[in-house]
Amino acid sequence: EVCGGTSITALTSEFISARDNPDIKAILFDHDSPGGIATSINAFSNLVYDSRGSKPIYSYVDGTCASADFWIASASDKLIIDETARLGSVGTVTGVPKKDADEYYVEITNSLSPYKRPDLSNEDHYKEIVRYLDEMTDVFYSSLARNFGVEKKHVIENFGKGGLKVGENAVIAKMATRTGSFDSCIEEILKSVDSSK
């Protein structure tokens, strides 16, 4: 929020208010974010997806729409992107402190919860971290597949495997509706609102 972004709590409140206001005829998200934490992203994406049909819901990307931000954008009716827009970074990542990062601080974990403070030098601990990241990513992939109307296998094979796709290549991969300018996006929204009168 300090850097000009918004919190999911505020975004949820503003979205519901706009969706339920009969004077607002369409909703447009303007995306430019490298992503963020996964907390509440799935729930908000589901809210946007479940609101399809209430009024036109568009997303536009001129810069970067990655990771958690891409998850949100995918839930719109249409995702229009600039020819230089970057989409993707599909996946999850976590940070684990190094055991020797602070020689004056010692953590002791109970014997029944060895994964609570994983030791990256232990192969079983490392695999446990990858396992839960895979579980979270599976939810992400499934949501993208539903939102774009493609098979999950298509998302896994064509959405960049954690990398980014630019402009028309993102459209070809079915990660976006079409390329276009912000003005052309506004024009399309206005036409859809006029045709629904």
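Below, the structure is looked at part by part.

A closer look at the overall build of the protein
So, point 1. Across its full length, the protein carries 7 helices and 6 strands.
So, point 2. Counting helices and strands in the order they occur from the N terminus, the protein gives α-β-α-β-α-β-β-α-α-β-α-β-α.
So, point 3. If one aligns the C-alpha atoms of the protein with their principal axes, the spans along those axes are about 65 × 35 × 30 Å.
So, point 4. Buried residues in the protein amount to 36% of all 197 residues.
So, point 5. For the protein, restricting intrachain contacts to residue pairs at least 6 apart in sequence, the fraction spanning at least 24 positions comes to 64%.
So, point 6. Roughly 11,700 Å² of accessible area belongs to the protein as shown, and the carbon and sulfur atoms make up 52% of that amount.
So, point 7. Taken as two groups, the 21 positive and 30 negative side-chain charges of the protein have centres that lie 5 Å from each other.

Description of the packing of helix H2 (residues 41–50) against helix H4 (residues 123–148)
So, point 1. Interhelical geometry of H2 versus H4 gives an angle of 10° and a closest axis separation of 11 Å. Judged by the angle between their axes, H2 and H4 are roughly parallel. For the pair H2 and H4, contact is made by Asn 42, Ser 45, Asn 46 and Tyr 49 and by Val 139, Ser 143, Arg 146 and Asn 147, respectively.
So, point 2. Along the lines of polarity and charge, the residues of the contact of H2 with H4 split into 2 nonpolar, 5 polar and 1 charged.

Quick notes on the packing of aromatic side chains
So, point 1. Per the stated rule, a full pass over the model turns up 8 aromatic pairs.
So, point 2. A centroid spacing of 4.3 Å and a plane angle of 10° characterise the contact between Trp 71 and Phe 140, whose relative ring orientation is stacked. With a gap of 69 residues between them, Trp 71 in helix H3 (residues 68–73) and Phe 140 in helix H4 connect regions that are remote in the sequence. Both residues of the pair, Trp 71 and Phe 140, belong to the buried class.
So, point 3. A connected cluster of aromatic rings, assembled from ring pairs, spans Phe 15, Phe 29 and Phe 44.
So, point 4. Just above the ring of Tyr 49 sits the side chain of Arg 146; from NZ or CZ to the centre is 4.0 Å.

Concerning the nonpolar core
So, point 1. Ranked by size, the top nonpolar core spans 37 residues in total, and within it Phe 44, Phe 70, Leu 79, Ile 81 and Leu 87 carry the most contacts.
So, point 2. Counting residues per element, the ones that place at least two in this core are helix H1 (8–20), strand E1 (27–33), H2, strand E2 (57–66), H3, strand E3 (78–81), H4 and helix H6 (167–172).
So, point 3. With sequence-adjacent residues up to four places away left out, Ile 81 is seen in contact with Tyr 60, Val 61, Leu 87, Gly 167, Ala 170, Val 171, Ala 176, Arg 178, Thr 179 and Gly 180.

Details of the packing of H1 against H2
So, point 1. It is the contact of H1 with H2, at a shortest axis distance of 11 Å, that shows an interaxial angle of 10°. Taken together, H1 and H2 sit at an angle that is classed as roughly parallel. Every residue of H2 that contacts H1 at Ile 8, Leu 11, Thr 12, Phe 15, Ile 16 and Arg 19 is listed here: Ile 41, Phe 44, Leu 47 and Val 48.
So, point 2. In the contact of H1 with H2, the residues fall into 8 nonpolar, 1 polar and 1 charged.

Section: the layout of surface pockets
So, point 1. Counted as a void, the largest pocket has a volume near 450 Å³.
So, point 2. Lining the largest pocket we find 19 residues, and of these Thr 6, Leu 11, Ser 33, Asp 69 and Ile 72 sit closest to its centre.
So, point 3. The greatest single-element share of the lining of the largest pocket, amounting to 6 residues, is contributed by E1.

A look at H1
So, point 1. The end-to-end C-alpha distance of H1, which contains 13 residues, comes to 18 Å, matching closely the 18 Å that a straight helix rising 1.5 Å per residue would cover.
So, point 2. Contacts made by the buried residues of H1 are with E1, H2, E2 and H3.

Conventions used here
- Residues numbered from 1 in each chain as written.
- Predicted model: local features only at pLDDT ≥ 70, side-chain atom pairs only at ≥ 80, totals over all residues.
- Heavy atoms only, no water.
- Helix = DSSP H or I, 4+ residues; strand = E, 2+ residues; numbered from the N terminus.
- Buried < 20%, exposed > 50% of the residue type's maximum accessible area, 1.4 Å probe, protein only.
- Contact = heavy atoms within 4.5 Å.
- Areas by Shrake-Rupley, 256 points an atom, 1.4 Å probe, with all protein chains shown as cover.
- Lys, Arg positive; Asp, Glu negative; His and termini not counted.
- Charge placed at Lys NZ, Arg CZ, Asp CG, Glu CD.
- Axes fitted to C-alpha atoms, helices over the stretch in contact; angles between N-to-C directions.
- Parallel < 35°, antiparallel > 145°, perpendicular 65-115°, else oblique.
- Nonpolar A, V, L, I, M, F, W, Y, C, P; charged D, E, K, R; others polar.
- Phe/Tyr/Trp six-rings, centres within 6.5 Å; stacked < 30°, edge-to-face > 60°.
- Lys NZ or Arg CZ within 6 Å of the ring centre and 35° of its normal.
- Core = buried A, V, L, I, M, F, W, Y, C linked by side-chain atoms within 4.5 Å.
- 1 Å grid on protein atoms, 1.4 Å probe; cavity = no way out; pocket = protein on both sides within 12 Å on 5 of 7 lines; lining within 4 Å.
- Points joined across faces, edges and corners; volume = space filled by probe spheres on them.
- Expected span 1.5 Å × (residues − 1).

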